[in-house]
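# Architecture and fold: a report
As a plain string of letters, each chain reads:
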Amino acid sequence: MTIVHKSVLLNYSAEQMYALVDDMESYPFFLPWCDRVEIQRDPDGQTVIASIFLNFCGITQSFTTCNTHTEPSSIRMKLIRGPFRRLDGQWTFSALDGNRCRVELYLNYEFSHFFLEKLLGPVFDMVTNSLVDSFCERARKIHG
């Protein structure tokens, strides 16, 4: 099992960073490995079923998670289907003084088969390790 924990302090509000992560429809425009997304939002706005389609160096794969949103403080993810035995995690957005916040990403994942881990592991490691940086860059482009 792989565990990812990334934390960063930013000069943006928790609300601004939450909105960027919540805007899954925009992922293909700024995440270079994201080919497309399919989103189903419940009317309550708190539950989102998201399918992310990866395309990186000729390797294509998709996975679907059920995401529980607590605006503007967290987004929890739990695997529905994909090439994993386990995939769960959480984004946390903590307001600090002024217009600053701490953004944290926790992910736990394990591929369902040894072959998939060897094939997809390096790609997914790159994706998870660059995810927080990608959202920081997105915040700079959108909010200055």
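The structure we're discussing is the one just above.
Read on for an overview of the structure. (Residues numbered from 1 in each chain as written. Predicted model: local features only at pLDDT ≥ 70, side-chain atom pairs only at ≥ 80, totals over all residues. Heavy atoms only, no water.)

## Observations concerning the overall build of the chain
Along the chain, the regular secondary structure elements total three helices and seven strands. For the chain, the sequential pattern of α-helices and β-strands runs β-α-α-β-β-β-β-β-β-α. Taken over C-alpha atoms, the radius of gyration comes to 15 Å for the chain, in line with the 15 Å a tight globule of 144 residues would show. With the principal axes as the frame, the chain shows a C-alpha extent of 50 × 30 × 25 Å. Of all 144 residues assigned to the chain, the portion counted as buried reaches 46%. (Helix = DSSP H or I, 4+ residues; strand = E, 2+ residues; numbered from the N terminus. Rg over C-alpha atoms; globule rule 2.2 N^0.38 Å. Buried < 20%, exposed > 50% of the residue type's maximum accessible area, 1.4 Å probe, protein only.)

## Considerations on unusual backbone geometry
That bond from Glu 71 to Pro 72 is cis: its omega, 0°, falls within 30 degrees of zero. Tracing the backbone through its elements, the reader meets Pro 72 in the loop between β4 (59-70) and β5 (74-81).

## Thoughts on the pairing of β4
Pairing between strand β3 (residues 47-56) and β4: ten bridges, direction antiparallel. What sits directly across from Phe 53, in β4, is Ser 62. Here β3 folds back onto β4, and the loop between the two strands holds two residues, one of which, Cys 57, carries a positive phi near 50°. Sheet topology note: the β4/β5 ladder contains seven bridges and is antiparallel. Residue pairing in the sheet places Asn 67 in a bridge with Met 77 of β5. Between β4 and β5, which pair antiparallel one after the other, the connecting turn spans three residues. (Pairing = 2+ DSSP bridges.)

From the geometry alone we can't say anything about function, so treat these as descriptive.
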